[in-house]
Amino acid sequence: MRKKKKILVKKKPLSLNKMVKTKMYMGHTPNEWNPHMQNLILGEKQGYHVIDVVQTLYNLKDVLLFIQESAKQNKKFLFIGTDKVIAPLIKEVANLCKSFYVNNRWFGGMLTNWKTIQQSLVQLKSLKEAEISGQWKFLKKKEILKKKAKLLYLEKNLIGLDGMENLPHIAIIIGQVGVLTAINECKKLGITTITFLDTNCNPILTDWNIPGNDDSYLSNQLILTFIKDSILFGQKEQVKIFEDQKQVIENSKLLKKNNFREETENFKAKKAPIQDLIKKNYNSASNNSSRKFNNTTINKKSYNKFNKYQHKHPNNQQKKYFKYNRFNHKNR
């Protein structure tokens, strides 16, 4: 008997079954809810609110398209989430996307007072370089311990912002209740915010909303993987566009060079017969002149007389020059 071939079917990346398996529909108790989330809640079940997962699916599609287009434009992303359960996940996703993150603690003025944080990042770099080069060997033990403690403190809180020269364009926030100061700072600076909203969150504070359970690890992992894939896809397309632009510029340069060569060759082909005629006439004239010069003889007496007269009367050179020519002509 022949074995039946397996038919591979492409699975859809977004589906309600995946969201239900990760328990994205589970919300908080009715006592903890925010009334602005009323349109995104279906009802109650076993003392908990149930989130409308269909709306999350439609919102997530729009958000992913927005992220993809912004990644094409080479915009910077900042992942924010200070919950201990989600902190390693945020770090992993941000490193894969080549973007920045804050996963331990949000200091007040981290974006609005960006200059002071840049100074602390410079300090972090200098401490790392000093530790690697071995400059701490010449210090005392107390000073070494102080510097190590400072380095650990800065690495915990600011290692995700290392290499960020300017403010980000988009902030992706998980756990809105614990990071309200970050959202207010983004509003002041005009940074677009994308938040994963639970029933105790406020959708008015953010620009793009994804309703769902922000307490479960699996639901956060699912949404962050979708965001990561869209960012990477947009970055790849941005690289392709950059390479295509380079090829177009190189091709235009080659066309200009080829056109210049063709023009020069055509010009030389038209100019060649004219140059040949000029060369023939020039050679004939030069031969005749050489013959005349060789046949002529210079009269030394007339030459000496002219020099004497020029020395005596320097002002009347032009008038007497004609007489000298007549005199010279008669003597020949």
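In the nomenclature of an unreviewed UniProt entry, the protein chain is known as Ribosomal protein S2 of Prototheca wickerhamii. Check the Sequence similarities (unreviewed entry) section of the UniProt entry for the protein chain; it says "Belongs to the universal ribosomal protein uS2 family."

A few words now on the overall build of the protein chain. Secondary structure summary: the protein chain contains 9 helices and 7 strands in total. Counting all 332 residues of the protein chain, 33% fall into the buried class. For the protein chain, the proportion of contacts with a sequence separation of at least 24, taken over those separated by at least 6, is 62%. Approximately 24100 Å² of the protein chain is accessible, and the part contributed by carbon and sulfur atoms is 55%.

Along the chain, the position of Leu205 falls in the loop between strand S6 (192–197) and strand S7 (208–211). C-alpha separation for the pair Leu205 and Asn184, spaced 21 residues apart in sequence, amounts to 8.2 Å.

Looking now at the pattern of salt bridges. In total, this model carries 1 salt bridge according to the counting rule given. Residue Lys72 pairs with Glu237 through a salt bridge whose shortest N-O separation is 2.9 Å. Taken together, the residues span a long stretch of sequence, with Lys72 in helix H2 (residues 53–72) and Glu237 in helix H7 (residues 217–295) at a distance of 165 residues. Among the residues examined, Lys72 registers a relative accessible area of 33% and is labelled partly exposed.

Turning to the packing of aromatic side chains, a few remarks are in order. This structure, assessed with the given rule, holds 2 aromatic pairs. Ring geometry for Phe66 against Trp208: centres 4.8 Å apart, planes inclined by 20 degrees, an arrangement best described as stacked. Linking Phe66 in helix H2 with Trp208 in strand S7, this pair joins segments that are 142 residues apart in sequence.

The strand order across the open sheet formed by 5 strands is S4-S3-S5-S6-S7, and the pairing between neighbours is parallel. Strand pairing shows two members of the sheet lacking a second neighbour, strand S4 (100–102) and S7, which therefore form its edges. For this sheet, the mean inter-axis angle between neighbouring strands, taken without regard to orientation, is 15 degrees. Across 4 bridges, the pairing between S6 and S7 is parallel. When the bridges of S7 are listed, Ile194 appears paired with Trp208.

Counting 31 residues, the largest nonpolar core has Leu60, Phe79 and Ile227 as its most contacted members. For this core, the elements supplying multiple residues, two or more each, are H2, strand S3 (77–80), helix H3 (87–97), strand S5 (170–174), S6 and H7. Top element by residues in this core is H2. It accounts for 7 residues. The residues contacting Phe79, other than those within four sequence positions of it, are Ile90, Val93, Ala94, Ser99, Phe100, Tyr101, Val102, Ile172, Leu224, Ile227 and Ile231. Ranked by size, the runner-up nonpolar core spans 28 residues in total, among them Met110, Trp114, Leu151 and Leu154.

What counts as what
- Residues numbered from 1 in each chain as written.
- Predicted model: local features only at pLDDT ≥ 70, side-chain atom pairs only at ≥ 80, totals over all residues.
- Heavy atoms only, no water.
- UniProt positions renumbered as here; feature names shortened; annotations may be inferred.
- Helix = DSSP H or I, 4+ residues; strand = E, 2+ residues; numbered from the N terminus.
- Buried < 20%, exposed > 50% of the residue type's maximum accessible area, 1.4 Å probe, protein only.
- Contact = heavy atoms within 4.5 Å.
- Areas by Shrake-Rupley, 256 points an atom, 1.4 Å probe, with all protein chains shown as cover.
- Salt bridge = Lys/Arg side-chain N within 4 Å of Asp/Glu carboxyl O.
- Phe/Tyr/Trp six-rings, centres within 6.5 Å; stacked < 30°, edge-to-face > 60°.
- Pairing = 2+ DSSP bridges.
- Axes fitted to C-alpha atoms, helices over the stretch in contact; angles between N-to-C directions.
- Core = buried A, V, L, I, M, F, W, Y, C linked by side-chain atoms within 4.5 Å.

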